[in-house]
Amino acid sequence: MTPKPNGIDLQRLRADTPGCAEVAHFNNAGAALMPRPVVEAQIAHLRREAEIGGYEAKAEAAARIEAVYGSIGRLLNCGTDEIALVENATVAWDLAFHAFDWQPGDKVLTAEAEYASNYLAYLHARQRYGIEIAAVPSDASGQIDVAALARMLDARVKLIAITHVPTNGGLVNPAAEVGKVAKANGIPFLLDACQSAGQIDLDVEALGCDLLSATGRKYLRGPRGTGFLYVRRSLLEQLDPPFPDLHSARWVAPDRYVWREDARRFENWEFNHAGLLGLGAAVDYALALGLPAIEDRVAELASDLRSRLAAVPGIDVMDLGENRCGLCTFTLAGHAASEVAQKLRAQAINVSVSDPNGTLLDATRRGLPDLVRASVHYYNSADEMDRLIGALETL
Ligand SMILES: *Cc1c(COP(=O)(O)O)cnc(C)c1O
């Protein structure tokens, strides 16, 4: 019988993943290995585009394209009318952030683990509109201090926006607790779920978020160049998407337009439909395994990896938080992170480097150098873990 850790049939999943035969892939927070159905959905659509024409292939795939919204709706526990498909998580997040009517003195509350691109948008909005940015301090465990967040609320706070899982470590911010505070105070809550989508069971009702951005290529194992935005139905009419076009809006009279009814008012006309179908296949793949099983398996593997890393002389594990997920970051004394990554890469072991500028508030507070990031996924095996640890020990 095939062993099924946490209901995960490792052998089958690895056989389904062509990359598993090539590399020990611990860069799932960068881009995970796509499973076969994701690759095939894309190739099949590209072939049809070549054979019958791009517009015609889209018409032929209309029902399958529509089904992608249904899949994401099941992933997030939201309606298909609350989803916009876009090219990446940054665009999804920016569309949401810039849909607010920012005025001088408006305040955005964020957390120390905030992602660089989001914080750059705050700085840009501060320069452009005169908004204020306040970063909620972290508690002793390193996660956002929710009590401090509640104390920092005032009438000028227009948005609470935090990163669920940062790019630089295993921290899982208590998003549902933040959501409770946001809801109790009637303040919109934007959650960057880029690293959590596909590894953590996300439910927008339980999280209490009003907006959520995510990408296809990371833990969801979808194609590069895919992403999506969730917009709570009740917020839709209060927001003003920054870019109307002939897909998101209708030009009904020479001097008047009306938005689409649903969250697709955040989309634009052109799509990489092959990528979009690949994203749908990736979400269906994750749903078939079950997000709770994925979440357990990833957290367990990461926790094993952290204990084994900590036992290697010279390694310091840097992950924060009460609850930790699949991203493991560390330093190896006497070796720059880029050198470690390069030497592992030469042995077909993929890790990446987290640079302080990706999460500057956190990196500054903790005085972090470049970190090696080994991010595990459910398809990683014990053998791959042995190879990674063995390679680090010989460095
Ligand atoms: C990768 C990442 C993003 C950006 O995602 P893209 O799809 O590259 O735009 C945003 N937030 C976090 C926390 C990330 O790790």
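Refer to the preceding data block for the structure.
The rules behind each value
Note on numbering: residues in each chain are counted from 1, in written sequence order. pLDDT decides what is reported in this predicted model: residues at 70 or higher carry local features, side-chain atom pairs at 80 or more are listed and counted, and totals for whole chains, interfaces and linings draw on all residues regardless. Water and hydrogen atoms play no part in the side-chain values, which are based on all heavy atoms of the structure. Only strands that DSSP links by at least two bridges are regarded as paired with each other. Only DSSP runs of H or I with at least four residues qualify as helices, and only runs of E with at least two residues qualify as strands; both kinds are numbered from the N terminus onward. Interaxial angle, 0 to 180 degrees, is taken between N-to-C directions of lines fitted to C-alpha atoms, where a helix line uses only the stretch in contact. We call two residues in contact whenever any of their non-hydrogen atoms come within 4.5 Å of each other. Categorising residues by exposure relies on relative accessible area from a 1.4 Å probe, with only protein chains included: less than 20% of the type maximum marks a residue as buried, more than 50% marks it as exposed, and the intermediate range marks it as partly exposed. Polar contact criterion, stated in full: a pair of N or O atoms within 3.5 Å, where within protein one must be able to donate a hydrogen and the other to accept it, and residues adjacent in sequence count only if both atoms are side-chain atoms. For each residue, the test is whether any non-hydrogen atom lies within 4 Å of the molecule or strand; if one does, the residue is near. To measure how exposed things are, a 1.4 Å probe is used in the Shrake-Rupley method; for residues, cover is taken only from the protein chains shown.

*Asks:* Looking at this structure, I do not really get the sheet that holds strand 2 (residues 83-86). What am I missing?
*Replies:* Within a sheet, neighbouring strands are paired by backbone hydrogen bonds and run either parallel or antiparallel to one another. Here 7 strands make up an open sheet; going across it, the order is 2-8-7-6-5-3-4 and the pairing mixed. Edge positions in the sheet fall to strand 2 and strand 4 (132-136), since each has one partner strand and no second. Each neighbouring strand pair of the sheet contributes to a mean axis angle of 20°, computed without reference to strand direction. Across 3 bridges, strand 6 (residues 189-192) lies against strand 7 (residues 211-215) in parallel orientation. In the sheet register, Leu191 faces strand 7, and the bridge partner there is Leu212. Those strands touched by helix 6 (residues 116-129) are strand 3 (107-111), strand 4, strand 5 (157-163) and strand 6, and its axis lies near 145° from that of strand 4. The sheet contacts of helix 8 (residues 175-184) involve strand 5 and strand 6, and relative to strand 6 the element is tilted by about 165°.

*Asks:* What is the right way to read helix 5 (residues 89-97) from this model?
*Replies:* One turn of an α-helix holds 3.6 residues; hence residues three or four places apart share an orientation. Those residues of helix 5 not exposed but buried are Ala89, Ala92, Trp93, Leu95, Ala96 and Phe97. Packing partners of the buried residues in helix 5 comprise strand 2, helix 6, strand 5, strand 6, strand 7 and strand 8 (227-231). Looking at where helix 5 begins, the residue whose side-chain oxygen comes 3.0 Å from the main-chain nitrogen of Thr90 is Asn88.

*Asks:* When you look at the site of the ligand in this model, what are you seeing that I'm missing?
*Replies:* Lining the immediate environment of the ligand, one finds 13 residues, of which Thr90, Asp192, Thr215, Arg217 and Lys218 sit closest. In the model, an oxygen atom of the ligand is placed 2.5 Å from a nitrogen or oxygen of the Thr90 side chain. Note that an oxygen atom of the ligand is positioned 2.9 Å from one of the side-chain N or O atoms of Arg217. When isolated, the ligand has an accessible area of 390 Å², and the protein chains bury 92% of it.

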